[in-house]
Amino acid sequence: MPGTHRPHCPDVIYPSVSSSRPGVFKNPEMLFVCAIVVVILIVYIATMPPTIYWGDGIELSTSAYFLGIPHPTGYPLYTLWGKLFASFPVGDVGWRMHLSSVVLAVVASVILYFLLRLIATHLFPRGSFPAEAYVSSVCTAFALAFAFSRTVWRLGTIAEVYALYVFLLIAIIYCFSLYLLCGKIKHLLILFFLVVVSLLHHIMTFTALPFLLLALGHFFFTGRWSRKKLLILPMLFFLLFSALVILLYHPIRAHTHPPINWGNPSSLKNLLWVISGGEFKQFYFLQYPAGHPLSVQTILPYIKMRLISIYSWLLSEFFDLTSFGLKGRLIFIVLLLAVGAGGLLTLFARGFLFALALLGQGVLSLAIIFLYGIYDIEDYFISIIPSLIVLLFTGTVMLQNICETYIVRRKLNHLNWLFLVIPLVMLFHNFSANDRHLDYTTRTYAERIFASLPPNAIIITAGDNDIYPLWYLQLVEGCRADVLVFGGNFIYSPWYNAFFFNRELNGRTFHIEQRPISTEESFYHDLAQWIIEPNIRKFPVFTTRRSPFLEMSYRVKPVATVLTPAECRQTNARFLPPLYLYRIVPTK
């Protein structure tokens, strides 16, 4: 980064610049970076699950292992990244995929450190940090605070798409800062490419658009028009099409019929359905409950529920405040928001475009959280954390400068080391909620189901958390190939036929038909007529779902308890599958 002589760094963007170079490549600086990497690696690896863990990560792991196509939007970038780790000869595939998220979370924390370093060096008055170690200690503290926040820690230690998302988001913010600081075209091009690639990865990357739009607006609409501004257009189009090449992964792999082929995007229609998130469009735009139109009767309870979830998230994200009274909780939230607001005002005063982009990213994140009616919306809160950390960091340094200037009237930089207490306290508070190093419940669940099934059985699953572990054990580890695992929730999905392209049905038949779900009774009627009835007198049929509508036509007998109440209490999973296995028997 430039020092005192900055011909390419306009003061209108960053008016206050330290006279000393940040010293990124100096040994003291790298000691702090190495400390961040080592500490996070040790903590994350020590607490991540030893094998597959509840949630979409099981399906994502299975898909990455075979280079398949997971649920929409297909996540080609994550699948290719996961394939690198799924091939490692250490641990099982589930553990390797968790490790892939750990690596991304560690790199994201390091980039965040350099982003904070950039802000501290170029947005605060000269002399705010007389010694390099002081500013590095504060940046290290907040980078570790990011890593030890409950959501980042949870999603950074399991196989999920959010670690890659937050890595790309922080990289986008960092490139945006470098562009504002130096005004170089290479930073703008890298920013553009990262945003496009991120948009192909996850819907939440729409929240990063303010960074790109403000950077493009600043480039094209400030200063005089020149040939350089015109020449960048073909470069942007080239980068756009280069990023879109990633989408070719879907039709190419779909034509090979991999074991996981969600949506079967071998045709243009199916491809558009997958990359647009067609499976989840029923949850868009406040359709709560899912698929129901917006009305006054649904909107008010929905908004109340979202506000409660945000309030609960703020109370538990950084410190466990469950034992505090209502007054203590409110004081904490007010202080947190006050420091963040102070940081935002400071950024507006010293780096207007940067502050505007951060604010836009936060507003869009909250908009998606409110407009997207899925039940596990807590994962989406990860999009707020990087910007929140930046604001809290800026607000904290601003408060320290005010205290030094107007109260004690001397520098207190030696106290910056005390900021390292913050991530230590967070580590202590959030450890139990994220410690899964002995959690084998997911594998145990699937193994018990397969152990309870007779040869050539059919098992009809209820949802994601019971079918994904069975897919993993059967496809990745070759367990019980004689069993037909059928997702009952896919009977209205026409693409599900292609899922069985390379599998031996051995006389087992089923029917799949696309139609809207009207009632629970009609669903179980179709499930019985299309799946159960054609097979029940030839093969043993089991299920993890039980319903009075199913028992109207069949006897549904409990066979085994596949997860005990004690095991449910031991796991940190937020959502668990049905705990019992049933056999479906004809009444006559």
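Structure: see above.
What comes next is a walk through the structure. Computed from a prediction, not measured in an experiment: that's the story for all the values here.

## Regarding the sheet that holds strand 1 (residues 458-461)
Two orientations exist for strands paired in a sheet by backbone hydrogen bonds: parallel and antiparallel. If you walk across this open sheet you meet the 5 strands as 2-1-3-5-4, and the pairing is mixed. Single-partner strands in this sheet number two, and they are strand 2 (484-487) and strand 4 (554-561). Neighbour to neighbour, the strand axes of the sheet diverge by 30 degrees on average, direction disregarded. Bridge analysis of strand 4 against strand 5 (residues 580-586) gives 7 bridges, and the strand direction is antiparallel. Note on strand 5: the bridge partner recorded for R555 is V585.

## Details of the packing of aromatic side chains
The final tally for this structure, using the stated rule, is 36 aromatic pairs. Seen from their ring centres, W471 and F490 are 6.4 Å apart, and the 15 degrees between their planes marks the pair as stacked. Placement of the pair is W471 in helix 19 (residues 464-476) and F490 in the loop between strand 2 and helix 20 (520-532), with a sequence separation of 19 residues. With respect to class, W471 is no different from F490; both count as buried. Aromatic pair F486 and Y496: ring centres 5.2 Å apart, planes at 70 degrees, arrangement edge-to-face. Placement of F486 in strand 2 and of Y496 in the loop between strand 2 and helix 20 is noted, with a sequence separation of 10 residues between them. When sorted by exposure, F486 lands in the same class as Y496, which is buried. Put simply, the rings of W262, Y468, W471, F486, F490, W495, Y496, F499, F500 and F510 touch in pairs and so form one group of aromatic residues. Between the NZ or CZ atom of R508 and the centre of the ring of F539, over which it lies, the distance is 5.6 Å.

## Observations regarding the side chain of S63
When you line up the elements, S63 lands in helix 2 (residues 56-66). Accessibility expressed as a relative area gives 0% for S63, which makes it buried. Among the polar contacts listed, one links the side chain of S63 to the backbone nitrogen of I69, at a separation of 3.2 Å. In contact with S63, other than residues within four places in its own chain, are G68, I69, P70, T79 and I260.

## A look at the pattern of salt bridges
Side-chain pairing between opposite charges can occur once the charged atoms of the two side chains come close. Inspection of every chain in the model, using the stated rule, returns 12 salt bridges. In this structure, E533 engages R537 in a salt bridge whose closest nitrogen and oxygen atoms are separated by 2.6 Å. Residues participating in the shared-partner salt-bridge network are D92, R443, E447 and E477.

## Quick look at the side chain of R154
Mapped onto the fold, R154 is located in helix 6 (residues 150-155). Given the relative accessible area of 12%, R154 is considered buried. Discounting chain neighbours no more than four positions away, the residues touching R154 are E378, D379, N434, R436 and R574.

## With respect to the packing of helix 14 (residues 326-350) against helix 16 (residues 385-406)
Put simply, helix 14 and helix 16 touch, their axes get as near as 7 Å, and they point 85 degrees apart. Taken together, the axis directions place helix 14 and helix 16 in an arrangement best described as roughly perpendicular. In this structure, helix 14 contributes L336, V339, G340, G342, G343, L344, T346 and L347 to the contact, and helix 16 contributes V390, L391, L392, T394, G395, T396, M398 and L399.

## What to know about the nonpolar core
Formed by 183 residues in total, the largest nonpolar core has its most connected members in Y44, F354 and W471. Ranked by residue count, the leading element in this core is helix 4 (residues 93-122), at 18 residues. Once you skip the residues sitting within four places of it in the chain, Y44 turns out to touch V102, A105, A147, F148, V152, W153, G156 and T157.

## Examining the environment of F219
By secondary structure assignment, the location of F219 is in helix 9 (residues 209-221). When its relative accessible area of 7% is taken as the criterion, F219 is described as buried. Spatially, the C-alpha atom of F219 lies 43 Å from that of I331, the residues being 112 residues apart in sequence.

## What to know about the pairing of strand 2
Burial of strand 2 is two-sided: the residues L484 and F486 facing one way and the residues V485 and G487 facing the other way are all buried. Relative to strand 2, strand 1 is paired through 4 bridges, and the arrangement is parallel. Its bridge partner lying in strand 2, I458 is registered against L484. Following the backbone out of strand 1, through helix 19 and into the adjacent parallel strand 2, one traces a crossover that is right-handed.

## What about the packing of helix 15 (residues 352-371) against helix 16?
Where helix 15 contacts helix 16, the two axes come as close as 9 Å, and the packing angle between them is 135 degrees. On the basis of the axis angle, helix 15 is oblique to helix 16. The two elements helix 15 and helix 16 cross, and the hand of that crossing is left-handed. Two secondary-structure elements touch here, helix 15 through F354, L358 and Q361 and helix 16 through S387, V390 and L391. Looking at the contact of helix 15 with helix 16, its residues break down into 4 nonpolar, 2 polar and no charged.

Cut-offs used in this document
Residues numbered from 1 in each chain as written. Predicted model: local features only at pLDDT ≥ 70, side-chain atom pairs only at ≥ 80, totals over all residues. Heavy atoms only, no water. Pairing = 2+ DSSP bridges. Helix = DSSP H or I, 4+ residues; strand = E, 2+ residues; numbered from the N terminus. Axes fitted to C-alpha atoms, helices over the stretch in contact; angles between N-to-C directions. Phe/Tyr/Trp six-rings, centres within 6.5 Å; stacked < 30°, edge-to-face > 60°. Buried < 20%, exposed > 50% of the residue type's maximum accessible area, 1.4 Å probe, protein only. Lys NZ or Arg CZ within 6 Å of the ring centre and 35° of its normal. Polar contact = N/O pair within 3.5 Å; in protein donor to acceptor, adjacent residues only side chain to side chain. Contact = heavy atoms within 4.5 Å. Salt bridge = Lys/Arg side-chain N within 4 Å of Asp/Glu carboxyl O. Parallel < 35°, antiparallel > 145°, perpendicular 65-115°, else oblique. Core = buried A, V, L, I, M, F, W, Y, C linked by side-chain atoms within 4.5 Å. Right-handed = clockwise from strand over helix to strand, strands pointing away. Left-handed = near helix turned anticlockwise from the far one by under 90°. Nonpolar A, V, L, I, M, F, W, Y, C, P; charged D, E, K, R; others polar.

Without other data, these values stay purely geometric and don't point to any function.
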